[in-house]
Amino acid sequence: MRILVLGGTVFLGRHFVEEALQQGHDVTLFNRGKSGVNLYPEVETLIGDRVAGNLSALAGRTWDLAIDTAGYLPNVAQAVRAAAEELKDAVDYYAFVSSIEVYTERHCALADEATPVHAIDGAPPDPDAPEAYGIHKTHGEAAVTAAFGRRGLLLRAGLIVGPYDEIDRFPYFVRRVSQGGEVLTPEGPTLPVQLIDGRDLVNWVYRMVERGRTGTFNVAGRADSLTLGRLLETCRDVTGSDASFTWIPGRFLEQHDVGYWHELPFWLPPNQLEFWARIDVSKALRAGLRYRPLADTIRDTLEWDRTRPPGSRPSGAGGLDREKERRVLAAWHDARSGTREP
Ligand SMILES: NC(=O)c1ccc[n+]([C@@H]2O[C@H](COP(=O)([O-])OP(=O)(O)OC[C@H]3O[C@@H](n4cnc5c(N)ncnc54)[C@H](OP(=O)(O)O)[C@@H]3O)[C@@H](O)[C@H]2O)c1
């Protein structure tokens, strides 16, 4: 296939590129040429800025498949609409990486593809507005459907993990467990977790397009099978560390100013956890979605993490600071031994 990747040089886009090259596809990138420069010297890169509306480098070209990873631009709605319009007669299939954050009913488990999504009758909100990310993704989906109809593949992704994940939620725990010692862990070992290796998502997308399969799909890990306890034990087995896990109730963590999800990955208020950790993926499973062993994802993520130069983690990356972890653990042990009030 001739594949156009809009993006392609940070995390998920890199997996789209690398899997395509490995499968012998012909890849073209379109981006500003700012991130991951020279990652793929053998791949043609068309330069343009989606925020500035500069898509002229795409003109006059054709591809079998376009993959659009737009998620963190200031105006995803507008960027996706412009690209889909530009490419509707130049590309056979258009795959848009959307998100389960398009759903408005967030307090339920097992949201499927029929769960209500954001209304898109007004103008897309300012990117800093509440729920802007999900609303922009919903606009993006509508734009792809308007331009491509049944040639569109809408991927409502849950938590995506694996190598190149700069957001550092999953890498945080893999790295932390590999370092050993007492690890602060939230709530209890049965805390549900749902994650998908980006490479499994990508693999499945290419198989779908090759079979001419399109539509809207939740794409996440298996619901109801993974817990934080098993995830961390697998991290310990894979990394051979001596980590021990100290499970601390959420209320105590809140009292000690530990932040949900971003600061302490996989920890969410119970009502949101049900949504994030139990997305219904049965439609994608019926369409052939398959998962690699968790241990492979952990091993490859750690291997990648160890190649990152010290201090290269982006500002705003996730994970609990080591000193804060030590302080909260000490407070917990004090509270448990009755020497200090929690
Ligand atoms: N991580 C998760 O758990 C999760 C969950 C659900 C959905 N998602 C979605 O998964 C996707 C992952 O994205 P990714 O960052 O990994 O994609 P990526 O394709 O690897 O990287 C983003 C690309 O966008 C390009 N870009 C940035 N600004 C641009 C602009 N103004 N014009 C043109 N290109 C621009 C960047 O290159 P330049 O900087 O060189 O322009 C880069 O190549 C997102 O859509 C996200 O919403 C993620």
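Data block above holds the structure.
Sequence order as written defines the numbering, with residues in each chain counted from 1. In keeping with the model being predicted, local features are shown solely for residues with a pLDDT of at least 70 and side-chain atom pairs are shown and tallied solely at 80 or more, while totals for entire chains, interfaces and linings include all residues.

Some thoughts on the overall build of the chain
Keep this limit in mind: The secondary structure listing takes helices from DSSP runs of H or I that are at least 4 residues long and strands from runs of E that are at least 2 residues long, numbered from the N terminus. This radius of gyration counts C-alpha atoms alone. The globule rule is 2.2 Å times how many residues there are, raised to the power 0.38. We call a residue exposed when 12 or fewer other C-beta atoms sit within 10 Å of its C-beta, buried when the count reaches 20 or more, and partly exposed for counts in between; the C-beta positions come from the backbone. Here, residue contact means that the backbone-derived C-beta atoms of the two residues sit within 7 Å.
Each helix and strand counted, the chain has 11 helices and 13 strands in total. Taking 342 residues into account, the globule formula puts the C-alpha radius of gyration at 20 Å, and the chain, at 21 Å, falls close to it. The principal-axis extents of the C-alpha atoms in the chain amount to approximately 70 × 40 × 40 Å. Buried positions account for 42% of the 342 residues belonging to the chain. Summarising the internal contacts of the chain: among those between residues at least 6 apart in sequence, 79% fall at separations of at least 24.

With respect to helix H2 (residues 76-87)
Inclusion rule: What a helix should span is 1.5 Å times the count of its residues minus one.
Taking 1.5 Å as the rise per residue, H2 with 12 residues should run 16 Å; its terminal C-alpha atoms sit 16 Å apart, in good agreement. Within H2, the full set of buried residues consists of Val76, Ala77, Gln78, Ala79, Val80, Ala83, Ala84 and Leu87. Looking at the buried residues of H2, the elements they touch are strand S1 (2-6), strand S4 (63-68), strand S5 (91-99) and helix H3 (132-148).

Things to note about the site of the ligand
Which entries qualify depends on this criterion: Whether a residue is near a molecule or strand depends on its C-beta atom, generated from backbone atoms, being within 6 Å of that molecule or strand. Note that Gly is not counted as nonpolar here; it falls among the polar residues with everything else outside the nonpolar set of Ala, Val, Leu, Ile, Met, Phe, Trp, Tyr, Cys and Pro and the charged set of Asp, Glu, Lys and Arg.
In the vicinity of the ligand lie 26 residues, with Gly7, Phe11, Gly13, Arg32 and Gly71 positioned nearest. Those elements that place two or more of their residues in the shell around the ligand are helix H1 (12-22) and S5. It is H1 that contributes the most residues to the shell around the ligand, three residues altogether. Its residues placed into classes, the shell around the ligand shows 11 nonpolar, 10 polar and five charged.

Digging into the environment of Tyr94
Locating Tyr94 in the fold gives a position in strand S5. Taking C-alpha positions, Tyr94 is 23 Å from Val161, a pair spaced 67 residues apart along the chain. Not counting the four nearest positions on each side in its chain, Tyr94 is found in contact with Ala66, Asp68, Ala84, Leu87, Val144, Phe148, Arg151 and Gly152.

Focus on H1
Residues Leu12, Gly13, Arg14, His15, Phe16, Val17 and Ala20 constitute the buried set of H1. Just downstream of H1, Gly24 is the residue with a positive phi angle, here 85°.

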